[in-house]
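Geometric and topological summary
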Amino acid sequence: ESYRVEEPADLATLDFTKSGESQVLFGNLPVGVRGYAHKEISETVGIVKGNYVSEKSREKIADPTDHTGFKTESKSELKIAQWSKVFDSVGGNWQFNHNNFKDDMDVFRIRLPKIPPPPGTAEHRVKIWTTDEAGQQLDPGAEVDLNVHADFHESAALCLVAKDAVDDNFAVEGKVDGQLGDRTYRAVLGGKVKFQWLTAPGDGEKPVFEIPVHVKKTVTAKGFVLEESTTSATAYFERAKQALSACGVKLDYSVVSISPSPPDVYFGDVFKFELPDFVGDTEITMTAEPKALMNAASCKPPAGVIPVYFLRNFDEGFAGWSNAPSRMAAADAAYGGAIFLDCDEVSESTLAHEFLHILLDASHGEIDPLWYQEHNNWSWCLWNGAASPIENGVTARRRILDGMRSRMLKSPYCK
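Summary of the structure given here.

1. Some thoughts on the overall build of the chain
What the chain contains, in helices and strands, is five helices and 26 strands. Expressed as a percentage of the 415 residues in the chain, the buried residues total 52%. Taking all contacts inside the chain whose residues are at least 6 apart in sequence as the whole, residues at least 24 apart take part in 65%. Looking at the chain as shown, the accessible area adds up to about 17,700 Å², and 48% of this sits on carbon and sulfur atoms.

2. Description of the side chain of Gln242
Mapping Gln242 onto the fold places it in helix α2 (residues 233–245). Overall, the relative accessible area of 19% leaves Gln242 in the buried class.

3. Some points on the environment of Val215
Locating Val215 in the fold gives a position in the loop between β17 (208–212) and β18 (217–225). We classify Val215 as partly exposed; its relative accessible area is 27%. Sequence separation of Val215 and Gly248 is 33 residues, and the distance between their C-alpha atoms is 5.2 Å. Apart from the residues lying within four places of it in its own chain, the contact partners of Val215 are Leu189, Gly190, Gly248 and Lys250.

4. Quick notes on the packing of α2 against helix α4 (residues 350–360)
Following both chains from N to C, one finds α2 and α4 inclined at 60°, their axes separated by 8 Å at the closest point. Considering the angle they form, α2 stands oblique to α4. Handedness of the crossing formed by α2 with α4: right-handed. Of the residues in α4, those touching α2 at Tyr236, Phe237, Ala240, Ala243 and Leu244 are Leu351, Ala352, Phe355 and Leu359.

5. Some points on the nonpolar core
Counting residues in hydrophobic clusters, the biggest one holds 36 residues, and the most contacted among them are Ile306, Leu351, Phe355 and Met408. Those elements giving two or more residues to this core turn out to be β18, α2, β19 (249–257), β22 (306–311), β24 (339–342), α4 and α5 (402–408). A per-element tally of this core places α4 first, with seven residues. Within the second largest apolar cluster, 27 residues are counted, among which are Leu78, Phe108, Leu160 and Tyr185.

6. Let's talk about the pairing of β19
Here nine bridges tie β18 to β19, and the two strands are oriented parallel to one another. Residue pairing in the sheet places Thr218 in a bridge with Lys250 of β19. Traced from β18 through α2 to β19, the parallel crossover comes out right-handed.

7. Brief notes about the packing of aromatic side chains
Per the stated rule, a full pass over the model turns up eight aromatic pairs. Here the aromatic rings of Phe237 and Phe355 are separated by 6.5 Å at their centres, their planes lie at 50°, and the arrangement is tilted. Taken together, the residues Phe237 in helix α2 and Phe355 in helix α4 connect sequence positions 118 residues apart. Members of the aromatic cluster, joined through ring pairs, are Phe237, Tyr253, Phe310 and Phe355. The positively charged end of Lys60 is found above the aromatic ring belonging to Phe70, 4.7 Å away from the centroid. The lysine or arginine in question, Arg111, covers the ring of Phe152, its NZ or CZ lying 3.6 Å from the ring centre.

8. Focus: the sheet that holds strand β10 (residues 125–131)
With antiparallel pairing, the four strands of this open sheet are ordered in space as β11-β10-β16-β17. Single-partner strands in this sheet number two, and they are β11 (137–145) and β17. Pairwise comparison of adjacent strand axes, ignoring direction, gives a mean angle of 20° for this sheet. Pairing geometry for strand β16 (residues 192–197) and β17, over five bridges, is antiparallel. If you follow Phe195 over to β17, its bridge partner there is Phe209.

9. Notes on a negative patch on the surface
Judged by side-chain charge, Glu274, Asp277, Asp315 and Glu316 come together as a negatively charged surface patch. Position of Glu316 relative to the elements: it lies in the loop between β22 and β23 (320–322).

10. With respect to α4
Of all eleven residues that make up α4, eleven are buried, and the element is covered over most of its length. Listed in full, the buried residues belonging to α4 are Thr350, Leu351, Ala352, His353, Glu354, Phe355, Leu356, His357, Ile358, Leu359 and Leu360. One or two steps after α4, the chain reaches Asp361, where phi turns positive at roughly 55°.

The rules behind each value
Residues numbered from 1 in each chain as written. Predicted model: local features only at pLDDT ≥ 70, side-chain atom pairs only at ≥ 80, totals over all residues. Heavy atoms only, no water. Helix = DSSP H or I, 4+ residues; strand = E, 2+ residues; numbered from the N terminus. Buried < 20%, exposed > 50% of the residue type's maximum accessible area, 1.4 Å probe, protein only. Contact = heavy atoms within 4.5 Å. Areas by Shrake-Rupley, 256 points an atom, 1.4 Å probe, with all protein chains shown as cover. Axes fitted to C-alpha atoms, helices over the stretch in contact; angles between N-to-C directions. Parallel < 35°, antiparallel > 145°, perpendicular 65-115°, else oblique. Left-handed = near helix turned anticlockwise from the far one by under 90°. Core = buried A, V, L, I, M, F, W, Y, C linked by side-chain atoms within 4.5 Å. Pairing = 2+ DSSP bridges. Right-handed = clockwise from strand over helix to strand, strands pointing away. Phe/Tyr/Trp six-rings, centres within 6.5 Å; stacked < 30°, edge-to-face > 60°. Lys NZ or Arg CZ within 6 Å of the ring centre and 35° of its normal. Patch = residues over 30% accessible without salt bridge, like charges linked within 9 Å, V, L, I, M, F, W, Y side chains within 5 Å. Salt bridge = Lys/Arg side-chain N within 4 Å of Asp/Glu carboxyl O. Lys, Arg positive; Asp, Glu negative; His and termini not counted. Charge placed at Lys NZ, Arg CZ, Asp CG, Glu CD.

Laid out in structure tokens, this is it:
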């Protein structure tokens, strides 16, 4: 058994293998990022057109020999947290539980070798920060002390988040954003997490290690803006992009303004925009107005691209509407995969929720309430219409559960 040595080592490009584990070295000393190993279990999570469907959920593997109580493994890439294990139901309402943070499926820990820290210090310390796809600093990060274990030094549980408000406002176990011991770091797909071993042995510049934030799939969308509110279409796309990134799904999008509106498309105070019809909670039929919109040459997306139409004054009380492909009537199959938004009614999570309809290829109705469950409860996630404030503006409404992730990654729009 042998290690290849680089100094400093780069987690993004170098793969050192011993006993089936990937890690890097500083000199002859193993340095790594650890995360939970998991197994995938199949669960019946819903009904699609009368048939039960089974999707995959992640489950940690018990290991009493590991100080976490679960099997961990070296990671060569990281993902943004789905918040799959950190909520408890209290009095019927879901609440963020600090005690559950360390058990979340997506946390990671930085591990350093068991060597004495510099004189006068009790623990080793690293500086952590993140960069975007272009290599520009995203989260300036913080310094973190590592706990002493029998054979190594290791940080407390850390995680990546997609939204600034989450990173800024979460104070897990009293650790404030940007201060010593910070537990959450803003990240984007295609970016990197970097850490510098501040207490590494030797003189001179301290080594910097990096690990990528993995892009698993990419979805492409195009926004057609016929009406716009004070919040821009781009801002809504960015919010949806953050939500989907927790599943490793990168949202690429473009936006174009359409003026004047195509013929036979109206959304004034008198003539409201006529949404498609949903017959018996199972079949979507197109009405004249959305057909006219989607047939207009200026409003047609390229093949494989999800069109998102920004409109106003829907004839029904919806903030958004999606044409889930499998729900379309046979005669209207060509109109599947489209999203319609009322720009005066949309909330922060509306567009992300509508993307779920397309990527899961599902509609509300016959599949509720058996759809994607967690802790035997399907509430408080991006699929459910209810929004629940959790803590400092962080809502469980943003969560995408494992069953959703498993299904959406199989969508033909995820490439």
